[in-house]
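Residue strings, one per chain:
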There are 2 protein chains.
Amino acid sequence: MNAPPKDGRVRVVIEKVEPCVDGGRFAAKRSLGETLCVQADVFADGHDAVACALLHRHESADTWQCVPMTPLGNDRWQAVVPLTRLGRCLYTVEAWIDALETWRLDLLKRQAAGQDLGVELLRGAQLVQAAAARAAGAEAQQLEEWALTLADESLGLEPRLAAAQRAPLHALARRWPDREQLRRWEPTLPLEVERERARFSSWYEMFPRSTGPAAGAQGTLADCLARLPYVARMGFDVLYLPPIHPIGSAARRGPNNRPAAGPGDPGSPWAIGNAAGGHKAIDPQLGTLEDLRRLVARAAELGIEIALDIALQCSPDHPYVRAHPEWFLKRADGSIQHAENPPKQYPDIYPLHFDSPHWQELWLELASIVEFWLEQGVRIFRVDNPHTKPFALWEWLIARVRRRCPEAIFLAEAFTRPKIMYRLAKLGFTQSYTYFTWRNTRAELEAYFRELRAAPVREFFRPNLWPNTPDILGEYLQFGGRAAFVARLVLAATLGASYGIYGPAFELMEHVAREGGSEEYHDSEKYQLRHWELERPDSLRELIALINRIRRENPALQSDAGLQFHRTDSDALIAFSKCAPEAAAGSGG
Amino acid sequence: MNAPPKDGRVRVVIEKVEPCVDGGRFAAKRSLGETLCVQADVFADGHDAVACALLHRHESADTWQCVPMTPLGNDRWQAVVPLTRLGRCLYTVEAWIDALETWRLDLLKRQAAGQDLGVELLRGAQLVQAAAARAAGAEAQQLEEWALTLADESLGLEPRLAAAQRAPLHALARRWPDREQLRRWEPTLPLEVERERARFSSWYEMFPRSTGPAAGAQGTLADCLARLPYVARMGFDVLYLPPIHPIGSAARRGPNNRPAAGPGDPGSPWAIGNAAGGHKAIDPQLGTLEDLRRLVARAAELGIEIALDIALQCSPDHPYVRAHPEWFLKRADGSIQHAENPPKQYPDIYPLHFDSPHWQELWLELASIVEFWLEQGVRIFRVDNPHTKPFALWEWLIARVRRRCPEAIFLAEAFTRPKIMYRLAKLGFTQSYTYFTWRNTRAELEAYFRELRAAPVREFFRPNLWPNTPDILGEYLQFGGRAAFVARLVLAATLGASYGIYGPAFELMEHVAREGGSEEYHDSEKYQLRHWELERPDSLRELIALINRIRRENPALQSDAGLQFHRTDSDALIAFSKCAPEAAAGSGG
């Protein structure tokens, strides 16, 4: 502490580089077609001019791209670069004192004040000479000549003053700053560049087993394929299927979540695994892997991607239970611990035991599940209850998958406390379920979306708005009639660049909840087959198609940036506008 | 990236530890008698209970003090510790999953639901047994016994359930958490603990040479000593003297900053150095080192500290110029570069050349100036224009001085752009001049003080409010009459825990500025001697004494925390309140 620090002559300061999530611990998120707008506070002591540049590169590239930053006023600087390559990028800011620019500006002031300029021109020559010494080849030569001109008293004042202001020569000299006096922001910051659908997507959730041709008939993946044109006509581009794996029979739940299933009851698709297989198998009642691949391919022809559910839990019949008892918690009485949230008990589910000494093998197996479905052509995953598995698992798993397949998209189904939801988004989840489902009044909606659009949340949290899900039939929809369904649909589809509905329950305005103040659907598809009258004349499907077309035609609706709320005379009216990202870029969006 | 990370089983997360200045790059500031209130977001996946603790220690201590944190709701936790030792402290947060507490809470829920508890008691016994294995000595023994009780089925259920809820045993077990699953926040954060006057101070600035007994007579340090009772009666506790060093005669400025001084003109005290000495000498016309030490001692008896001016620049006559020409910039014509801000020229000042190859020797010499005055008993320094010297110099110099003398206080006289002022405060300046001098309307004052009280600014920037300085006679005082002086005095003394006035110009309501819209005083003391009629009946000195007494009697006015603005019906009225720090602590102040 007694000796001056080695870098005591580096006079420029960099502060508050943005975007920045938790000091660079996590990546900011962007998508192809968007820009990266980096801002930083850059200044120095005294009156010298400073200069700075944004450095950026793809993780896999060896060299930095360097983009000059421009001043915004109040010592804030900015550079904007387009994003054209998927994957992890890195960026930082470099800054330095621009002695030559300081000199050039001062020279103009001295000229205007009629001061003596001879000595100043010699000083400029020294500065240019120093730049020449740092430069290479022809550029060094050019700078040498410039220095000679500035210093050549035989030329008289005028030509030397003109030379002093030659912009191309200044630009040239700026390419050779004194690197000893250069400061670089630490740490380098990460950026995750995803594909467009990470930012803009319209989801439709549907239970495959309810797509059968007649009431009571088991639906199959082939029936789903036949249902694709119906989904495409409504304009959705993601079709999300709840788990399609074999379903356990031990402690199977009956209709309306009754404790005991009858012989014909299909059970919950989230009670995964039986003798026919686990997370890498398809329920034989639904079809085969080949059926799934066919569904994926046909959907792609219609502009739709199939999203699968990743629910990392097992039925007591799951093959893991016998093959890997070490992945489950054994109780003091030798039984395996089933899921519970005391006093609630879920005997049809065995949670994985992440504190197991064999946790690393477990993690690798879980990653292999996602990789298995990637191999079948699936690129989008809706992750069930990620907040009940270790945070570190998700960060590792998503990064691992994305290195292999940067197109992969993960939607976090975490309806839990706000900081946990944000943490999951920071860890890498592409999109997140939100509290939108319970935000109904104007004040609630405005406050919530302002929170989501504030820095740094907007940098890492991409909301996906759902008016309903198989788990949530909100009061507003239960009692609001058709108008409520229309309002919630329009809000979801215009407040958010990504939204989804659980259908056909939504377009058919299914609104009867289980008794007792529940948000659960009566006769929920989670526990029984349903047959839906898709062609019912009061269906909202045409309205949905219209809204999705408007979304496709208006770039403003394809981004969460540029959302603005406006005043209305009544609290029963909400008014907001969105503008396209180009127009919003200036405001840091 | 392919193998799971080593710490994959550490499930707890820590985020947003506060106070935190630039990610821990700089210290938060507190003073003796204040508390350190640390908050953090702490949570984990799933439903397990978490626990966390604040770790803190003085920089010179080897071991951490550990204070349990308590939940505030929404996953925010807090601990508060009193600060009793001067100097640099460190702090961080540790968190862990509290498996035993989770078990205890779940057990209560299971009991209430009438569930089977036998197996659960065995699980508790296992958890306690694991804690016993980590514990030492008698505590291990106690935990062993507890585990045996929980597991002993021969006792029947009731005594074991009672044992399960024994608070002292839980507290004991909590002392032996599973350190493998413990997370500690990185980096450790610094805290600078200063003495009370860093937080609460009342400054009076006075030119020693104007304290002579009669008009035109050169004042001396002995005259200053005679003036002390006058200053003490007004209730000030810091008496700040502009530079008291020998003054250069080369290019000396005349009255009202005229380019050429007459033979009797004293010159500016900031043109430091002549043949009689430089920054470590006292102008012989003012007195001797012995006079200064006597002034410091007598002031201390009256509760006043003497503050000196640190102005790191030289007159052309300064001994450094001949002894160390390498510390000045030589121009292309061989002359030494004088101060300038083109086109403005300051030929009576040579700036130090911090880009000199000999900058390290220069820094050491500058530090030795401060150390020299420390040896004379001075502890408070007002630093002139710190923003025109390298930031790194101040960070190094202040840290060096404070290690040697943690009582040292530095006031930054940087009237410049906001980010530069904040940077200087982060680097270690105890207090800072502010824009208060130009904030007159209610809207201006409210906006500015809200900015200063927002995190993180409030953590490192201690405002010192000056209604006037020898450089600044604002328009409001020039034209507002007595009411303006009273208003600005009361605002400064109640909005800020630290404030100061430049007297006797202030209490005598000197308000005539140099012509042409200037904020410079007419016949400024900077360039000539003034004689002040201290006993003028309209003097504000009694009002000042009253206000300073109110400040001393009311702890709410001795801290910048607890400031609140209130609504008034007129924009010409400002209303605010302050509450004492104890009451404000809950709100993060």
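Just so we're clear, the structure is a prediction, and the values are computed from it rather than from any experiment.

**Re the interface of chain B and chain A**
Interface size, as often reported, equals the accessible area lost upon joining of the parts.
Now for step 1: Every contact between the two is made by 65 residues of chain B and, on the other side, 66 residues of chain A.
Now for step 2: Contact between chain B and chain A buries roughly 5,700 Å² in total, counting both sides, with carbon and sulfur atoms accounting for 55%.
Now for step 3: Counting every contact that joins chain B to chain A gives 14 salt bridges.
Now for step 4: Residues Arg110 of chain B and Glu340 of chain A are paired through a salt bridge, measuring 2.5 Å at the closest nitrogen-oxygen approach.
Now for step 5: Our count for the chain B to chain A interface comes out at 30 residue pairs in polar contact (both at pLDDT 80 or more).
Now for step 6: Sorting the residues of the side of chain B that touches chain A by element identifies strand 1 (12–18), strand 3 (35–44), helix 1 (99–112), helix 2 (118–134), strand 15 (339–341), helix 10 (359–375), helix 11 (391–404) and helix 12 (418–427) of chain B as the ones contributing at least two each.
Now for step 7: At six residues, the largest contribution of residues to the side of chain B that touches chain A is made by helix 11 of chain B.

**Focus: the sheet that holds strand 18 (residues 380–384) of chain B**
Residues and elements named next belong to chain B.
Now for step 1: Read across the sheet, eight strands follow the order 20-19-18-13-12-11-22-21 without closing on themselves; strand pairing throughout is parallel. Each having just a single partner strand, strand 20 (431–432) and strand 21 (464–465) make up the two edges of the open sheet.
Now for step 2: With four bridges connecting them, strand 13 (residues 305–310) and strand 18 associate as parallel partners. Along strand 18, the bridge assignment pairs Asp309 with Arg382.

**Let's talk about the pattern of salt bridges**
Residue and element names in this part refer to chain B.
Now for step 1: The full count for this structure, using the stated rule, is 109 salt bridges over all chains.
Now for step 2: The partner of Arg76 in a salt bridge is Glu18, with the nearest N and O atoms 2.8 Å apart. Here Arg76, found in strand 7 (residues 76–82), pairs with Glu18, found in strand 1; they are 58 residues apart in sequence, far enough to count as distant.
Now for step 3: Assessed through its relative accessible area of 32%, Glu18 is described here as partly exposed.

**Quick notes on the packing of helix 2 of chain B against helix 4 (residues 157–164) of chain B**
All names here are of chain B.
Now for step 1: Two elements in contact, helix 2 and helix 4, have axes separated by 11 Å at closest approach and are oriented at 45°. By the criterion of interaxial angle, the relationship of helix 2 to helix 4 is oblique. Considering how the two elements wind past one another, helix 2 and helix 4 form a crossing that is left-handed. For the pair helix 2 and helix 4, the contacting residues are Gly118, Leu121 and Leu122 in the first and Leu157, Arg160, Leu161 and Ala164 in the second.
Now for step 2: Of the residues that constitute the contact of helix 2 with helix 4, the class distribution is five nonpolar, one polar and one charged.

**Here we look at the relation of the copies chain B and chain A**
Now for step 1: Expressed as a screw operation, the relation of chain B to chain A combines 0.0 Å of axial shift with a rotation of 180°, fitting to an RMSD of 0.0 Å. On this basis, the relationship between the two copies can be described by a two-fold rotation axis. In terms of C-alpha distance to the rotation axis, chain B has Gly23 of chain B as its closest residue, with the C-alpha 3.4 Å off the axis.
Now for step 2: Of the residues that chain B buries at the interface, 100% are likewise interface residues in chain A, meaning the two copies contact each other through the same surface.

**Some remarks on the packing of helix 7 (residues 221–234) of chain A against helix 8 (residues 289–301) of chain A**
All names here are of chain A.
Now for step 1: Two elements in contact, helix 7 and helix 8, have axes separated by 9 Å at closest approach and are oriented at 5°. Taken together, the axes of helix 7 and helix 8 are roughly parallel relative to one another. Only Asp291, Leu292, Arg294, Leu295, Arg298 and Ala299 of helix 8 make contact with helix 7, whose side of the interface consists of Leu221, Cys224, Leu225 and Leu228.
Now for step 2: In the contact of helix 7 with helix 8, the residues fall into seven nonpolar, no polar and three charged.

**What to know about the side chain of Ser368 of chain A**
Now for step 1: Tracing the sequence through the fold places Ser368 of chain A in helix 10 (residues 359–375).
Now for step 2: Side-chain polar atoms of Ser368 of chain A contact the backbone oxygen of Glu365 of chain A, separated by 2.6 Å.

**A closer look at the sheet that holds strand 20 (residues 431–432) of chain A**
Residues and elements named next belong to chain A.
Now for step 1: Pairing in this open sheet of eight strands is parallel, and the strands run 20-19-18-13-12-11-22-21 from one edge to the other. Only two strands of the sheet have a single partner each, and these edge strands are strand 20 and strand 21 (464–465).
Now for step 2: Where strand 19 (residues 409–413) and strand 20 come together, two bridges link them in parallel fashion. When the bridges of strand 20 are listed, Leu411 appears paired with Gln431.

**Quick word on empty space enclosed by the protein**
Residue and element names in this part refer to chain A.
Now for step 1: Applying the stated rule across the entire model yields eight cavities of 30 Å³ or more.
Now for step 2: Approximately 100 Å³ is the volume found for the second largest cavity.
Now for step 3: Around the second largest cavity, the lining is made up of 13 residues, and of these Arg209, Ile247, Pro269, Asp283 and Leu286 lie nearest the centre.
Now for step 4: When its residues are assigned to classes, the lining of the second largest cavity shows eight nonpolar, three polar and two charged.

**A short note on the confidence of the model for chain A**
Now for step 1: Per-residue confidence for chain A averages 96 on the pLDDT scale, and 98% of its residues sit at or above 70.
Now for step 2: With pLDDT under 50 throughout, residues 583–589 of chain A is counted as low confidence; its partners more than four residues away or in other chains account for seven contacts.

**Points about the packing of aromatic side chains**
Now for step 1: Applying the stated criterion across every chain, the model contains 52 aromatic pairs over all chains.
Now for step 2: Considering the side-chain rings of Tyr433 of chain B and Trp466 of chain B, the 5.4 Å spacing of their centres and the 15° angle between planes classify their relative orientation as stacked. Linking Tyr433 of chain B in the loop between strand 20 and helix 13 (442–453) with Trp466 of chain B in the loop between strand 21 and helix 15 (475–495), this pair joins segments that are 33 residues apart in sequence.
Now for step 3: Of the aromatic side chains, those joined through ring pairs into one cluster are Trp203, Tyr240, Phe415, Tyr433, Trp438 and Trp466 of chain A.
Now for step 4: Over the ring of Trp532 of chain A we find Arg530 of chain A; its NZ or CZ atom is 4.5 Å from the centre of that ring.
Now for step 5: Between Arg488 of chain B and the ring centre of Tyr476 of chain B, over which it is positioned, the NZ or CZ distance is 5.7 Å.

So, how was this worked out
- Residues numbered from 1 in each chain as written.
- Chains lettered and ligands numbered in written order.
- Predicted model: local features only at pLDDT ≥ 70, side-chain atom pairs only at ≥ 80, totals over all residues.
- Heavy atoms only, no water.
- Contact = heavy atoms within 4.5 Å.
- Buried area = accessible area lost by both parts, 1.4 Å probe.
- Salt bridge = Lys/Arg side-chain N within 4 Å of Asp/Glu carboxyl O.
- Polar contact = N/O pair within 3.5 Å; in protein donor to acceptor, adjacent residues only side chain to side chain.
- Helix = DSSP H or I, 4+ residues; strand = E, 2+ residues; numbered from the N terminus.
- Pairing = 2+ DSSP bridges.
- Buried < 20%, exposed > 50% of the residue type's maximum accessible area, 1.4 Å probe, protein only.
- Axes fitted to C-alpha atoms, helices over the stretch in contact; angles between N-to-C directions.
- Parallel < 35°, antiparallel > 145°, perpendicular 65-115°, else oblique.
- Left-handed = near helix turned anticlockwise from the far one by under 90°.
- Nonpolar A, V, L, I, M, F, W, Y, C, P; charged D, E, K, R; others polar.
- Least-squares fit on C-alpha atoms with pLDDT ≥ 70 in both.
- 1 Å grid on protein atoms, 1.4 Å probe; cavity = no way out; pocket = protein on both sides within 12 Å on 5 of 7 lines; lining within 4 Å.
- Points joined across faces, edges and corners; volume = space filled by probe spheres on them.
- pLDDT = per-residue confidence, 0-100.
- Phe/Tyr/Trp six-rings, centres within 6.5 Å; stacked < 30°, edge-to-face > 60°.
- Lys NZ or Arg CZ within 6 Å of the ring centre and 35° of its normal.

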